[in-house]
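Residue-level structural notes
Each chain is listed here by its residues.
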Amino acid sequence: MVRIDVRRWVWRMRLRAERLRFFAGIRPNDSRCLNIHVLPMSIARASAIMIVTLVASRVLGWLRLSVIGAHFGETPELDAFWAAFKIPDAIFGLVVAGALASAFIPVFTSYLAREREDEAWHVASSVMNAVLLLLVGFSVVMWVAAPYVVPTFVAPFRDPQQIALTVDLTRIMLLSPIFMGLSSLTTGILNSYRQFLSSATAPLVYNLVIILFTQFGYPFLGIHAVAIGVVVGALVMWLVQLPELTFRRTRYSFSLDLSHSGVRDVLRLAGPRTLALGAVQIVFFVDTYLASGMASGSLTALVYANQLLLLPLGVFSIAISAAVFPTLSHYASLGQVGRMRDTVQQAIRWILFLTLPTAIVMIVLRRPIVNLLFQYGSFGPEARELTQAAFLFYSLGLAGHALVQILARVYFASRDTQTPLALTLISIGLNVVLSVTLAPFMGINGLALANSIATLIEAALLFILLASRARLRLVGLGVETLKQLSASLLMGVAMFGFIRVTNLPFDLFVDPPKLVLALQTILAAAVGGLVYLAAAYLLQIGELQEIVAAVRSRISRRPQPPAAV
């Protein structure tokens, strides 16, 4: 019996070693010592997987919005759909997102790091069952209360038929947070094992299902086809992750052990984050309420502009933050503060290196971007102008959104949810005040600007408080940020100049053909990208040097052909 246990222990150690070798990029015959220093390389690999799949997901996300906009445009039906989407999305955000981001992954990862996998699964099963019960309970309550909640707190539409449609769509989509919750918890488990492929692929399926239901169900079901697609997409999003979860030797049980110390840790850590996300939902509902009282199509334009902001945010910031979070939790559980600091600084530099030039692209090329992505069918020039104007003000806060993603996770990894909660509440209060103040003068542009200002302030406060606690190297970060900002501004000037020059001979101030506009936009982005890389090279920005070093290392590793005899 003892011999069997020893063999099993040796087999597990070999499996973990091979897993670490794989993520570190170490070949089986490599003699390098395999230790904890390989984890940063696993971050790079995980980030690459997340970025590639998220790029594809965002492309499908654009196609989803484009298909929906082409069929419905700036109509009351589409405004009703986006208003109805708020309640299911709020239920998911309150019950699941807080527990997953701030509590579940750190607790689950801490058990894995201490070789207590069976107990980790016992905690995971109890949390999953409790979350499922809460989601079902909230959905049932809101199904009953929807006729009273929608016109009072969500969308004060003037047309009674539009309110009735919003209630109907809300009730259909109340199934989606249940499946989204199961999908998100499954993602958390897989990410704790540093398995990112199927969880990163799941959003692809979600968007694809909605596209198919909208395209083929629209003639028969109208806007209801989109709502049904949301539900089916959420279900499939969970199902596609089950094979990989089963491969992880799943130990799921029907336990509901709320007295277990690990479950109590999850509940304790999730509480402040849940309150913070509840406050965030206040902003969404306030913006929806204010936009619903404006001209028809205003709410749709605001949603589309916000979704455009999420395209680069999801590709870069969310991908890097999700990939780095399990490693931060691992270092925090072992008390390795120095390695946490190095990981955080690397993530901050990479996020700014990617998001600052992206924000400049969004600002300079906002009008052709909206035109090329959404101006089809019923989505006309008026909707384009509303969307691109709001997109401009959302773009100003892209760096703030990106930094909040990673900085908040540093606190969560250290099991500090109180500080992010306090700063989020400050940001939410400021956002609501600014929204109510700016909306009467600037319309939906004021709502977008209020969001950007509040997010930038939140990111600044998170960074200031973290700097002394984590002993961040402020001088180095400051110098690198100034270099990245300078390179980004040069890039913006180059793109703006290219657009002005090419507008003259081709008269592109009037709506040009899509092909000509696409060519001009691609060339402008290419010129801007080359200028940014050249400036990064001249300013000796570290991230570009890391890319060049990695490419050279890959090239030097390739086997050389045998010399001729």
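Because the structure is predicted, anything quoted here is derived from the model rather than measured.

According to the stated counting rule, one finds four salt bridges in the structure shown. With a closest N to O distance of 2.8 Å, R384 and E385 form a salt bridge. You can call R384 buried: its relative accessible area is 8%. Exposure remark for E385: the relative accessible area of 27% places this residue in the partly exposed category. In this structure, E480 engages K483 in a salt bridge whose closest nitrogen and oxygen atoms are separated by 3.9 Å. Of the two residues, E480 and K483 are both situated in helix α18 (residues 474–506); the distance of three residues between them amounts to about one turn of the helix. On the accessibility criterion, E480 (14% relative accessible area) is buried. Each of R367, R384 and E385 takes part in one network of salt bridges that share partners.

Helix α8 (residues 224–239) packs onto helix α7 (residues 197–221) with a crossing angle of 155 degrees between their chain directions and a minimal axis gap of 7 Å. Comparing the axis directions of α7 and α8 gives the class roughly antiparallel. The two elements α7 and α8 meet at a crossing, and its hand is right-handed. For the pair α7 and α8, contact is made by A202, P203, V205, Y206, V209, I210, F213, T214, G217, Y218 and L221 and by H224, A225, V226, I228, G229, V230, V232, G233, A234, V236 and M237, respectively. Each residue belonging to the contact of α7 with α8 can be placed in one class, and the counts come to 17 nonpolar, five polar and no charged.

Between its first and last C-alpha atoms α7 spans 34 Å; for 25 residues at 1.5 Å apiece the expected length is 36 Å, and the two agree. Maximum bend of α7: about 40 degrees, positioned at Q215, with proline P219 one to four residues after it. One or two positions beyond α7, positive phi appears at G222, with a value near 65 degrees.

Throughout the structure, instances matching the rule amount to 11 aromatic pairs. Arranged with centres 5.7 Å apart and planes meeting at 85 degrees, the rings of W350 and F353 form a pair that is edge-to-face. Of this pair, W350 and F353 are both found in helix α12 (residues 337–364), three residues apart, which corresponds to roughly one turn of the helix. Arranged with centres 5.6 Å apart and planes meeting at 45 degrees, the rings of F353 and Y532 form a pair that is tilted. Taken together, the positions of F353 in helix α12 and Y532 in helix α19 (residues 514–538) put the pair 179 residues apart, joining distant regions of the chain. In terms of burial, F353 and Y532 fall into one category: buried. One aromatic cluster is present, formed by F81, W82, F85, Y304, F374 and F379 through successive ring pairs. The positively charged end of R171 is found above the aromatic ring belonging to W143, 4.1 Å away from the centroid. Over the aromatic face of Y376 sits the side chain of K514, whose NZ or CZ is 4.4 Å from the ring centroid.

What counts, and where the lines are drawn
- Residues numbered from 1 in each chain as written.
- Predicted model: local features only at pLDDT ≥ 70, side-chain atom pairs only at ≥ 80, totals over all residues.
- Heavy atoms only, no water.
- Salt bridge = Lys/Arg side-chain N within 4 Å of Asp/Glu carboxyl O.
- Buried < 20%, exposed > 50% of the residue type's maximum accessible area, 1.4 Å probe, protein only.
- Helix = DSSP H or I, 4+ residues; strand = E, 2+ residues; numbered from the N terminus.
- Axes fitted to C-alpha atoms, helices over the stretch in contact; angles between N-to-C directions.
- Parallel < 35°, antiparallel > 145°, perpendicular 65-115°, else oblique.
- Left-handed = near helix turned anticlockwise from the far one by under 90°.
- Contact = heavy atoms within 4.5 Å.
- Nonpolar A, V, L, I, M, F, W, Y, C, P; charged D, E, K, R; others polar.
- Expected span 1.5 Å × (residues − 1).
- Bend = angle between axes of the 7 residues up to and from the residue.
- Phe/Tyr/Trp six-rings, centres within 6.5 Å; stacked < 30°, edge-to-face > 60°.
- Lys NZ or Arg CZ within 6 Å of the ring centre and 35° of its normal.

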